[in-house]
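Given next are the chains, with one letter for each unit.
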Amino acid sequence: MLDLNGSGLFTPERIQGIGPHEFRRDVQRLMSRLGFRVIDVDGSGDRGADLVCTKGEEVWIIQSKYKKSITGTCNDDALDQALNALHEFNAHHAIVASSGVPSKSMVERLSSLTATGISVGFWGLDSLRKFWHDAPESTVWSLRDYQSVAVTQIENDLELTGRALLFLATGLGKTVVAGEVIRRFINQYPDKNVLVLAHTVELIQQLMASLISMMPKRVNSQLLSGDDKPRLVTGLTVATNLSVLPYIEKGYAPDLVVVDECHHVGGDNTYAQVLASLSGEHRILGVTATPWRTDKFDIRNAFGPPSYECGIAEGMALGYLAEVDYRLFCDNIDWEQVPELSRNEYTIKDLNRKLFIPQRDEQIIAALLDAWTSTSRPRGVVFCQSISHAKYLHGFLSRYEFWQAAEILHSQLLRSDRMRVLADFRVGRCPLILAVDILNEGVDVPDVNIICFARVTHSRKIFMQQLGRGLRIADDKTHVLVLDFVADVRRMFELHELGRSIESEREEIQYDKQIIFTDERAITLIEKWIEDSGDLATAHDEYRLNFPETTAP
């Protein structure tokens, strides 16, 4: 394992053996060690920023310029890009970080800009090496009681069987638990290698940003993706499942493999191919907040029985997830249809279409407005049906002064634009995000205290992931208010069962949570359906359901 402690990082010897991507990762590692949350935005349309770093309410952007020779000149174009990023990302500080030296012109411009109050600077190798040397050895954190138990049980299973599985609801710190397992493994076996897998580039970048601050400074680390192809994969490697296969085929054999969001592992997909290709003795840990799959594959086939699990209800009861005020708007049930529906057997898809009257956007906006004006320091996410739906709602909401800084977030935006929105949201400049098929996995904004489901989410997994955006606890956050405009009998079932789980936990632990059906008559329907089907949460659209024999109220 490459020794990077003390002056090992940002040395001339290391600089000559790496490239621009690895240099940028080194700068990212430094910023993470200094307490920043770092987003890598490098790529087409990055608007001059390579790294966007947030700490508290401040935003820093880093323009990374690699020079193989430490005497190589860093020209004014780097400064121009940094200044452009300073404006585009509404940042407080802009830094050009380079393995070379600034040109004479850049030095003069930096002096002039600083004199006018613009916060822009240049970090050369000497500065970078000093910052790294002075940075703390690792992030100081303490595990919660249940996290300590989880780590111990995972280590025991890895030692006994070589397999372990962690189910931990969103907001309970599954990355912290996995990171502690990795940290202890590396400390115990300093010459062994660890591989962390995830299915998207954005996820592995977020994982790297979290994990590298938890590792000892001596540990080498690298990202492995379509754009990042390091020559050495020693120490900690964080990779996409697709990018790691060529390395395994060439003999890479990690000693510990951690699969994040392991519910994506299937019977014959790329993950299965990766796991089957691993040779030698190795240990495998799967980590997920949502273990359910739409097919019949059971992830326990790959990872064994759960070493530790803690769901939403238990997390709430223990006080490690935010209190929930859940408003399930089921007053759009067409009760006049109930007698006719009771005489037929319908698929869930048909039942949803016949039973629910579409909610009007005006009703959704009115409920959101009422919630916003009655919440202290509101920060919210609205999950929309489509991009056009999000744009429509945004146009309506932006008429209100407190929503004029609201932003739309969807997968078709340039990556740099998505990262800018997230940075603004994290530091509080953007109060509300209207999201479309994004913000499900890997996004942590604890201050969110209002969630609005303005769309139908048929997937149990996606629903739980989206709900998790508001469950994290934070200072000055008393609870999360959820507005759910339901139009799916499976959602009604899911919330009914979650409410029962919380009530069960409440019998042992004093904890006041509430999930309110705005029309309590719907509870009767759900309880009748449960008698018929047992579990509706994972039922598919074509599942046929016997409608309860009841009459319209």
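For the structure, check the block above.
Here's what I pulled together on the structure shown here. (Residues numbered from 1 in each chain as written. Predicted model: local features only at pLDDT ≥ 70, side-chain atom pairs only at ≥ 80, totals over all residues. Heavy atoms only, no water.)

Backbone geometry at Asn 90 places phi at a positive 50°, although glycine is not the residue there. Within the secondary structure, Asn 90 is located in the loop between helix H3 (76–88) and strand E5 (93–98). With relative accessibility at 39%, the residue Asn 90 sits in the partly exposed group. (Helix = DSSP H or I, 4+ residues; strand = E, 2+ residues; numbered from the N terminus. Buried < 20%, exposed > 50% of the residue type's maximum accessible area, 1.4 Å probe, protein only.)

As a further point, take the sheet that holds strand E2 (residues 51–55). Taken together, five strands build an open sheet; the order of strands is E1-E2-E3-E5-E7 and the sheet is mixed. Two strands bound the open sheet, and with one partner strand each, they are strand E1 (37–40) and strand E7 (120–123). Adjacent strand axes in the sheet meet at a mean angle of 25°, parallel and antiparallel pairs treated alike. As judged from the six bridges shared by strand E3 (residues 58–65) and E5, these two strands associate in the parallel manner. Residue pairing for E5: Ser 64 is matched across the bridge by Ala 97. (Pairing = 2+ DSSP bridges. Axes fitted to C-alpha atoms, helices over the stretch in contact; angles between N-to-C directions.)

The next point concerns the pairing of strand E9 (residues 194–198). Buried residues dominate E9, accounting for five of its five residues. Neither face of E9 is left uncovered, since the one carrying Val 194, Val 196 and Ala 198 and the one carrying Leu 195 and Leu 197 both have all their residues buried. As paired elements, E9 and strand E11 (residues 236–240) share five bridges and run parallel to each other. Along E11, the bridge assignment pairs Val 194 with Leu 236. Across four bridges, E9 lies against strand E12 (residues 256–260) in parallel orientation. Of the residues in E12, the one forming a bridge with Leu 195 is Val 257.

What follows deals with the side chain of Ser 307. Take Ser 307: it is sitting in the loop between helix H11 (300–303) and strand E14 (308–310). A relative accessible area of 6% means that Ser 307 is categorised as buried. In this view, Ser 307 contacts Gln 153, Ile 154, Asp 157, Ala 164 and Leu 165; residues no more than four positions away in its chain are not counted. (Contact = heavy atoms within 4.5 Å.)

Moving on, we come to the packing of helix H9 (residues 241–249) against helix H10 (residues 270–277). H10 packs onto H9 with a crossing angle of 25° between their chain directions and a minimal axis gap of 10 Å. With respect to each other, H9 and H10 are oriented roughly parallel. Of the two possible hands of crossing, H9 and H10 adopt the one that is left-handed. Packed against H9, whose contacting residues are Asn 241, Leu 242, Val 244, Leu 245 and Ile 248, the element H10 presents Thr 270, Tyr 271, Gln 273, Val 274 and Ser 277 at the interface. Split into classes, the residues belonging to the contact of H9 with H10 amount to six nonpolar, four polar and no charged. (Parallel < 35°, antiparallel > 145°, perpendicular 65-115°, else oblique. Left-handed = near helix turned anticlockwise from the far one by under 90°. Nonpolar A, V, L, I, M, F, W, Y, C, P; charged D, E, K, R; others polar.)

Looking now at the sheet that holds E12. Here we have seven strands laid out as an open sheet, ordered E10-E11-E9-E12-E13-E8-E14, and parallel in their pairing. The sheet is open, and its two borders are formed by strand E10 (221–224) and E14, each paired with just one other strand. Strand-to-strand twist of the sheet, defined as the mean angle between neighbouring strand axes without regard to direction, takes the value 15°. Two strands pair when backbone bridges link them, and strand E8 (residues 163–168) and strand E13 (residues 283–288) are joined in this way by five bridges, in the parallel orientation. Looking across to E13, one finds that Phe 167 is bridged to Thr 288. Relative to the sheet, helix H8 (residues 201–211) contacts E9, E10, E11 and E12, its axis offset from that of E11 by approximately 160°. Sheet strands in contact with H9 are E9, E10 and E11, and its direction is about 120° off that of E11.

Considering all chains together, one arrives at 12 aromatic pairs under this definition. Following the ring pairs from residue to residue traces out a cluster consisting of Phe 36, Trp 60, Trp 123 and Phe 131. Over the ring of Phe 396 we find Arg 399, and its NZ or CZ is 4.4 Å from the ring centre. (Phe/Tyr/Trp six-rings, centres within 6.5 Å; stacked < 30°, edge-to-face > 60°. Lys NZ or Arg CZ within 6 Å of the ring centre and 35° of its normal.)

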